Amino acid sequence: MNDDALADRARRAGIAVDWTDATGAPRRVAADTLRALLDSLGDSDEPEEIPTLVTVVAGDRLQLPPGVTTGTTAAELIYDDGTSRTLTLRPRGPSLSGPPVAEIGYHRLGIAGREMVLAVAPPRCVTLAEAGEGKKMWGVAAQVPALRSADDGGIGHVGGIAQLARSAAGRGADAVALSPVHALFAADATRFGPYAPSSRLFFNPLLADAALVLGEDRVAAHRTDTSSLETLDLVDWPQAAAARFALLRRLFDDFGRHDRSVGTPLARDFQAFVTAGGADLRGHASFEALHARAVTATPPQGYWRDWPANAPPPAEEEVDYHLFLQWLADRSLAAAQKTATDAGMRIGLITDLAIGADRGGSHAWSRRDALLPGLPIGATPDLFNTQGQNWGLAGFSPRALARAGYAPFLATLRAAMRHAGGVRIDHIMGLQRLWLVPDGASPAEGAYLAYPLDDLLRLLALESHRHRAVVIGED
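Bear in mind the structure is a predicted one, so any value in this text is a computation, not a measurement.

Asks: Lay out the overall build of the protein chain in plain terms, naming residues and giving numbers.
Replies: Secondary structure assignment for the protein chain yields 14 helices and 22 strands. Computed over the C-alpha atoms, the radius of gyration of the protein chain is 24 Å, within 12% of the 23 Å expected from 2.2 N^0.38 for a compact globule of 475 residues. Put simply, the protein chain has 475 residues, and 49% of those count as buried. Surface exposure of the protein chain reaches about 21,400 Å², of which carbon and sulfur atoms provide 52%.

Pasting the structure below:
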């Protein structure tokens, strides 16, 4: 394939062959980089699949992509409340056009023997004016591990968030903005960077406050003396994590004896959480159990790509332990948000959504088809970093998102908004394009990959309204 044909194929795949650097000079991506990106992205010359989800802004004329059907046709629109109406769709250029749909939500559109989701979005996300009912608001920001409290074992937790929210609300604040609380690697306390999560779908159990779920007396009965860690000026991550997880393990054992064995209300709530979490939650818990075993192997095998193909499955008790940890983290965050709003905050918690997931983490392991682990996210060379940057994070595959009806993107948004009144999206330009670096290349040898901005913004606005959450775009 000559260079011109290669460039054309790259453009069809959404790769920017030409770009402008930080000095304003035009640049062209090298042919080797284009080949590496295309190999990782898959064949861009395959016929476009009929989408399973189409987005539209409420009140705008409905536009369906080419290939759905030809000629004037009738379609049945089934709203998410179960009511329905018949639409007449007519050709308009290569597309099909229909009447406006005003009702926001995830509706079903039946046409030509197939069904797709019609996501009707409001024109924008929930605004600060709407959240504040027209009144000015202010809030505070905090790094969660710094929210220290008595008997915390040398590292802050969600209980500190609740205390801060209650105190700040009493002084008129309406929000507490947090550092990311995504799941990291429970078996490796040295990987404590909150912007390099194992998964953005789940929470960091190290930050859970079990007392908000199980009660202070029960937790106090299992505490050991950690005063030496609590007097340190800085967080001793390995020691503090070891102490916290040892406490959580004792609580898990106690929970099995006194709750799961007799089916208490707490045990039923735990089971409901596990059932609702489905395959994604069990996949994350399984990864955590396998990773814990792998990092203690000889030699250690911290990266899942190095795990033997015939490795035995994780022990069910270990999977249950990590399910228990996620339950505690989820329920304690829910309690913290309730504390904030009960204290009068109009927004409450504002979570922080990282730009990607660690390529060696649970999301890349369990849902690798949705991500691009061979093309880590980075940044072009600029005046701050003349060599460019490689963050080692995996982003979504645009083609995989479209094939899956944007389910991976929606799941990530919903996790960020589940127990919050707002979300800060790190590197918001990632909804439009990301600088991706082929494995083994320098950061300067990457290229920009385009993302379906209109679809992602519409889904973001729709989820914002469904969760009544404000959205802050960083960068």
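Asks: Before we move on, can you summarise the sheet that holds strand β18 (residues 389-394) with the specific residues and values?
Replies: Within a beta sheet, neighbouring strands are joined by backbone hydrogen bonds and run either parallel or antiparallel to one another. Taken together, six strands build an open sheet; the order of strands is β1-β21-β20-β17-β18-β16 and the sheet is antiparallel. Either end of the sheet is taken by a strand with one partner, and the two such strands are β1 (15-16) and β16 (357-358). Bridging between strand β17 (residues 377-379) and strand β20 (residues 433-436) involves two bridges; their strand directions are antiparallel. Note on β20: the bridge partner recorded for I377 is L436.

Asks: Pulling in residues and values, what's your account of the sheet that holds strand β22 (residues 470-473)?
Replies: Spatially, five strands are ordered β11-β12-β15-β19-β22 in an open sheet, and the strand pairing comes out parallel. Bordering the open sheet on either side are β11 (139-142) and β22, each of which pairs with just one other strand. Strand-to-strand, the axes of this sheet are offset by a mean angle of 20°, without reference to chain direction. Pairing geometry for strand β12 (residues 175-178) and strand β15 (residues 348-353), over three bridges, is parallel. When the sheet's bridge partners are listed, A177 is paired in β15 with I350.

Asks: Provide a residue-level description of the environment of L128, including the pertinent values.
Replies: Here L128 shows up in helix α3 (residues 128-131). The exposure class assigned to L128 is exposed, which follows from its relative accessible area of 53%. Each C-alpha atom of the pair L128 and E474 lies 16 Å from the other, and the pair is 346 residues apart in sequence.

Asks: Residues and numbers for helix α9 (residues 265-295), please.
Replies: Structural remark: α-helix, 3.6 residues per turn; residues separated by three or four positions point the same way. The end-to-end C-alpha separation of α9 is 36 Å, well short of the 45 Å expected for 31 residues at 1.5 Å each. Where α9 bends most, the angle comes to about 105°, and this point is G278.

Asks: Any chance you could break down the packing of aromatic side chains for me, citing the residues and the numbers?
Replies: This model, assessed by the stated rule, comprises 16 aromatic pairs. Between F255 and F324 the ring centres are 5.2 Å apart and the planes differ by 40°, which places this aromatic pair in the tilted class. Placement of the pair is F255 in helix α8 (residues 237-260) and F324 in helix α10 (residues 316-342), with a sequence separation of 69 residues. Note on F255 and W327: the rings are 5.1 Å apart at their centroids and 40° apart in plane angle, and the pair reads as tilted. Of the two residues, F255 sits in helix α8 while W327 sits in helix α10, which places them 72 residues apart along the sequence. Each of the two residues, F255 as well as W327, counts as buried. Following the ring pairs from residue to residue traces out a cluster consisting of F252, F255, F270, Y321, F324 and W327.

Asks: Before we move on, could you go through α8 and cite the residues and values that matter?
Replies: The sharpest bend along α8 measures roughly 25° and falls at D254. W237, A240, A241, R244, F245, L247, L248, L251, F252, D254, F255 and D259 are the residues of α8 that are buried. Looking at the buried side of α8, the elements it contacts are α5 (211-214), α6 (216-220), α7 (227-230), α9 and α10.

Asks: Mind laying out unusual backbone geometry, listing which residues take part and the relevant values?
Replies: Cis geometry is adopted by the peptide bond preceding P299, which originates at T298 and carries an omega value of -5°. Among the structural elements, P299 can be located in the loop between α9 and α10. In this structure, A112 takes a positive phi of about 50° despite not being glycine. Relative to the assigned elements, A112 resides in the loop between β9 (105-111) and β10 (114-121). Under the relative-accessibility criterion, A112 is labelled partly exposed at 45%. Although it is not a glycine, D151 adopts a positive phi angle of roughly 60°.

Asks: With reference to specific residues and values, describe the packing of helix α13 (residues 407-417) against helix α14 (residues 453-467).
Replies: In the contact formed by α13 and α14, the axes pass within 10 Å of each other and the chain directions differ by 35°. Our pair here, α13 against α14, has a crossing hand that is right-handed. Of α14, the residues touching α13 (which contributes F409, L410, L413, R414 and M417) are L456, L459, L460, E463, S464 and H467. Class assignment of the residues belonging to the contact of α13 with α14 gives a composition of seven nonpolar, two polar and two charged.

Reading the values: the criteria
Throughout, a residue's number is its position along its own chain's written sequence, starting from 1. Local features in this predicted model are restricted to residues whose pLDDT is 70 or higher, and side-chain atom pairs enter the listing and the counts only when it is 80 or higher, whereas totals over whole chains, interfaces and linings include all residues. Neither water nor hydrogens contribute to the side-chain values; these are computed over all heavy atoms in the structure. Comment: elements are numbered from the N terminus, with helices defined as DSSP H or I runs of at least four residues and strands as E runs of at least two. Throughout, the radius of gyration refers to the C-alpha atoms, and the reference size of a globule is 2.2 Å times the residue count to the power 0.38. Think of it in three bands: with a 1.4 Å probe and only protein chains considered, a residue is buried below 20% of the maximum accessible area for its type, exposed above 50%, and partly exposed in between. Accessible areas in this description were obtained via Shrake-Rupley with a 1.4 Å probe; residue shielding takes into account the shown protein chains only. Strands were regarded as paired on the criterion that DSSP finds at least two bridges between them. The axes used here are C-alpha line fits, helices contributing only the stretch in contact, and every angle between their N-to-C directions lies in the interval 0 to 180 degrees. Helices are assigned an expected span. That span is 1.5 Å times one less than the residue count. Bend, at a single residue, is the angle you get between axes fitted to the 7 residues ending at that residue and the 7 residues starting at it. Stacked, tilted and edge-to-face are the three classes applied to pairs of Phe, Tyr and Trp rings, where Trp contributes its six-membered ring and a pair requires centres within 6.5 Å; stacked means planes under 30 degrees apart, edge-to-face means over 60, and tilted covers the rest. Should any heavy atoms of two residues lie within 4.5 Å, those residues are considered in contact. A clockwise turn of the near helix away from the far one marks a right-handed crossing, whereas an anticlockwise turn of less than a right angle marks a left-handed crossing. In this count, Pro and Cys sit with the nonpolar residues alongside Ala, Val, Leu, Ile, Met, Phe, Trp and Tyr, while Asp, Glu, Lys and Arg are called charged and the others, Gly among them, polar.

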